[in-house]
Number of protein chains: 2
Amino acid sequence: MKKLINQPGAFVDEVISSIVDVHPELRTSPASKRVVTRTGGTPPGQVGIVTGGGFGHLPLFLGYVGGGLCAAAAVGNVFSSPSSEEMLIATREADSGAGVLHLYGNYGGDVLNFELAAEDAAAEGIAVRTVLGTDDVFSAALPEDRRGVAGLALVCKIAGAAAARGDSLDQVAAIAQRAADHTRTAGVGLSPTYLPTTGKPTFTLADDEMEIGVGIHGEPGSERITIETADAVADRLMDAIFADAAPAAGDRVALLVNGLGATPAEELYLLTARARARLHKQNVTVAHTYVGHYATSLEMAGASVTVTTLGDDLAPLIAAPAHSPLVRF
Amino acid sequence: MKKLINQPGAFVDEVISSIVDVHPELRTSPASKRVVTRTGGTPPGQVGIVTGGGFGHLPLFLGYVGGGLCAAAAVGNVFSSPSSEEMLIATREADSGAGVLHLYGNYGGDVLNFELAAEDAAAEGIAVRTVLGTDDVFSAALPEDRRGVAGLALVCKIAGAAAARGDSLDQVAAIAQRAADHTRTAGVGLSPTYLPTTGKPTFTLADDEMEIGVGIHGEPGSERITIETADAVADRLMDAIFADAAPAAGDRVALLVNGLGATPAEELYLLTARARARLHKQNVTVAHTYVGHYATSLEMAGASVTVTTLGDDLAPLIAAPAHSPLVRF
């Protein structure tokens, strides 16, 4: 394991500290250095969106905090949930009187702690709604059982735009749920992540293997295959998305091709070309294409493809301006 | 070697094709698919800046084409110079009557071919000046003998801003030269790149080794050492920059912490924190901090630190707006 880190136990705090130092648009909460918010706070009367989860996935989650995006993020240790207390602090920070949407990925620890935080926030008089990212088609048969991965980026952008235009909490929650329901992601892993504290890999693969559907914490995927061309891999990922929820001819979609960490931009653009060609072949309009790092797993090699189908309600929201200091939205 | 690619021989053309397809602000020249320009061309009366070099370093070089940046880039094969013909086509594309600046890294093949292209362009009546990126402090003792690496990003931004405000060719060239003269980069490699055509690594390292000063094509560095903490590595890189051309107390600088491909954002922010602390300790003002991928070597792990000292002439130029579809400037 080769990493440019200092004390493994200080890793998360040191990175957060550097990020808020470099980007004055972000700050940590006076109540917790594991809660990152917009420096200016949530504009009065706007719904605040709180996201969060384990660390090691930059720009997910704290890089989704910004203008037209989320209001705050709670940050856990590497690959482990933040505490409910940190989520509650993030909820208080995000609330400007219009209530708070909890918007995060469907993982057991995160769900448990965010539910506790929502109860505590309600007891303090803060209205809270919850929407889960469940976009990983390979992670379970039933959509509601699926894990959330890179698709959360597009759901945050859509929901953030609804909040920024002044939608009510119920409206923002409904928009976010619709965006989540229309978002599908399929990924492939070529190499594991090594945990900073233990030096252990999240999974192992042979020199000529890739794993279709592997999770961003090394959760097992659907199959291990011998390495294939970019086109063949993109076809597998698009096939999985189409089999689960194919956009119809005439639909408009947003496409996100996400690198998991170590895969270079050159390779992402090859996957992008094939994914766009597959969508065009179905007479689907690709209204927005995002290519880059949106949800990583430290130095894991691999990529994922996300498709969000945009109805007339979601299309103007995903096109609205949004600003994160860490990633293009 | 695990790569998400198709036919190795088609790699460069396929990636360029995808990039211009995804980003309508960019296009390839009708005269060569290896020449990328701004779709709208160089605004009349503005100096056009042409950059270029080998492929496999995204966003360098074609990602430096954009508003307030370069006008065109000539793209070679992986790690090899474009032809002088492609550079001449880029020069013709970039010229709107005010002349063209050739601004690229100091590598033998690139220099040879750009010099030929400049002669041919002059014969066609296009005025050309040349400035070389020579920022890699580890690559040679004499500044003029050094290779160009990530620092070219900041030189392109500064020169692009001078061109955009309407400076003459001589003025843009002088500004670019001053920016290049005040830019220093020091880097470290943790793992090699594998060439798509041969599958061969650009260099080899033991499991616990890193190489200080290794080049972005695997050129030998100054020393191989056992892996160290992020702080210790940042100190080595900053020591090398300070030993060569230390900013003075009271100076303003731009800092660029660049990932070479596989090194995650989390680690780059640790290097950034230490580099900023070192500059602050010298009473140097860090006016701009850029963190991310600016000049890569495909899937190489490692990073570089660049410091550009900004006088009153360069400070407003680096702060001017610039837009690349591939990277934040």
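Only a predicted model underlies this, so the values are computations on that prediction, with no experimental measurement involved.

Pulling in residues and values, what's your account of the relation of the copies chain B and chain A?
Rotating chain B by 180 degrees and translating it 0.0 Å along the rotation axis places it on chain A, where the RMSD comes to 0.0 Å. Those values place the two copies in the arrangement expected of a two-fold rotation axis. When each C-alpha of chain B is compared by its distance to the rotation axis, B:Ala262 comes out closest, at 1.9 Å. In this assembly the copies share their binding face: 100% of the residues contributing to the interface of chain B also contribute to that of chain A.

Can you break down the pattern of salt bridges residue by residue, with the values?
With the rule as written, the count across this model stands at 44 salt bridges over all chains. B:Arg236 is the salt-bridge partner of B:Glu223, the closest N and O atoms lying 3.2 Å from each other. Of this pair, B:Glu223 sits in strand 9 (residues 223-226) while B:Arg236 is found in helix 6 (residues 230-245), placing the two residues 13 residues apart along the sequence. By relative accessible area, B:Arg236 is classed as partly exposed at 27%. Because the salt bridges share partners, they merge into one network encompassing A:Asp231, A:Asp235, A:Asp239, A:Arg274 and A:Arg278.

Would you mind going over the sheet that holds strand 6 (residues 128-133) of chain A in detail, with residue names and values included?
Two strands in a sheet stick together by hydrogen bonds in their backbones, pointing the same way (parallel) or opposite ways (antiparallel). All names here are of chain A. As summarised here, the arrangement of the 6 strands in space is 1-2-4-3-5-6, forming an open sheet in which the pairing is mixed. Two strands close off the open sheet at either side, each with one partner strand: strand 1 (26-29) and strand 6. Neighbouring strand axes in the sheet, compared pairwise and without regard to direction, differ in orientation by 25 degrees on average. Relative to strand 4 (residues 72-78), strand 3 (residues 48-55) runs parallel, the two being bridged by 5 bridges. When the sheet's bridge partners are listed, Val50 is paired in strand 4 with Ala72. On top of the sheet, helix 4 (residues 152-164) reaches strand 3, strand 5 (100-105) and strand 6; it is set at about 170 degrees to strand 5, its chief contact.

Break down the confidence of the model for chain A for me, with residues and values.
Per-residue confidence for chain A gives a mean pLDDT of 97; residues scoring 70 or more make up 100%. Prediction confidence for the complex, expressed as pTM and ipTM, is 0.98 and 0.98 respectively.

An account of helix 7 (residues 265-281) of chain A is needed here, citing residue identities and associated values.
The end-to-end C-alpha distance of helix 7 of chain A is 24 Å, a good match for the 24 Å that 17 residues give at a rise of 1.5 Å each. Looking at the buried side of helix 7 of chain A, the elements it contacts are helix 6 (230-245), strand 10 (252-259), strand 11 (285-292) and strand 12 (301-310) of chain A together with helix 1 (11-22) and strand 3 (48-55) of chain B.

An account of the sheet that holds strand 1 (residues 26-29) of chain B is needed here, citing residue identities and associated values.
Residues and elements named next belong to chain B. Pairing in this open sheet of 6 strands is mixed, and the strands run 1-2-4-3-5-6 from one edge to the other. Two strands close off the open sheet at either side, each with one partner strand: strand 1 and strand 6 (128-133). Adjacent strand axes in the sheet meet at a mean angle of 25 degrees when their direction is disregarded. Two elements, strand 2 (residues 32-38) and strand 4 (residues 72-78), share 3 bridges in a ladder whose sense is antiparallel. Residue Val35 lies in a different strand from strand 4, and its bridge partner there is Ala74.

So what about the pairing of strand 12 of chain A? Which residues, and what values?
Residues and elements named next belong to chain A. Buried residues dominate strand 12, accounting for 10 of its 10 residues. Burial of strand 12 is two-sided: the residues Ala301, Ala303, Val305, Val307 and Thr309 facing one way and the residues Gly302, Ser304, Thr306, Thr308 and Leu310 facing the other way are all buried. Sheet analysis places strand 7 (residues 183-191) next to strand 12, joined by 8 bridges and oriented antiparallel. Looking at strand 12, one finds that Thr185 is bridged to Thr306. Across 8 bridges, strand 10 lies against strand 12 in antiparallel orientation.

Any chance you could break down the domain arrangement of chain A for me, citing the residues and the numbers?
All names here are of chain A. You can read the domains of chain A as domain 1 (11-181) and domain 2 (183-319). Centre-to-centre separation of domain 1 and domain 2, based on C-alpha positions: 22 Å. Every contact between the two is made by 32 residues of domain 1 and, on the other side, 38 residues of domain 2. Applying the counting criterion to the domain 1 and domain 2 interface returns 3 salt bridges. The closest approach of N and O atoms between Arg146 and Asp244, which form a salt bridge, is 2.6 Å. At the boundary of domain 1 and domain 2, one finds 15 residue pairs in polar contact (both at pLDDT 80 or more). For the side of domain 1 that touches domain 2, the element with the highest residue contribution is helix 4, accounting for 7 residues. Taken together, the residues that form the side of domain 1 that touches domain 2 break down as 21 nonpolar, 3 polar and 8 charged.

Definitions and cut-offs
Residues numbered from 1 in each chain as written. Chains lettered and ligands numbered in written order. Predicted model: local features only at pLDDT ≥ 70, side-chain atom pairs only at ≥ 80, totals over all residues. Heavy atoms only, no water. Least-squares fit on C-alpha atoms with pLDDT ≥ 70 in both. Contact = heavy atoms within 4.5 Å. Salt bridge = Lys/Arg side-chain N within 4 Å of Asp/Glu carboxyl O. Helix = DSSP H or I, 4+ residues; strand = E, 2+ residues; numbered from the N terminus. Buried < 20%, exposed > 50% of the residue type's maximum accessible area, 1.4 Å probe, protein only. Pairing = 2+ DSSP bridges. Axes fitted to C-alpha atoms, helices over the stretch in contact; angles between N-to-C directions. pLDDT = per-residue confidence, 0-100. Expected span 1.5 Å × (residues − 1). Domains from an automatic or database assignment. Polar contact = N/O pair within 3.5 Å; in protein donor to acceptor, adjacent residues only side chain to side chain. Nonpolar A, V, L, I, M, F, W, Y, C, P; charged D, E, K, R; others polar.

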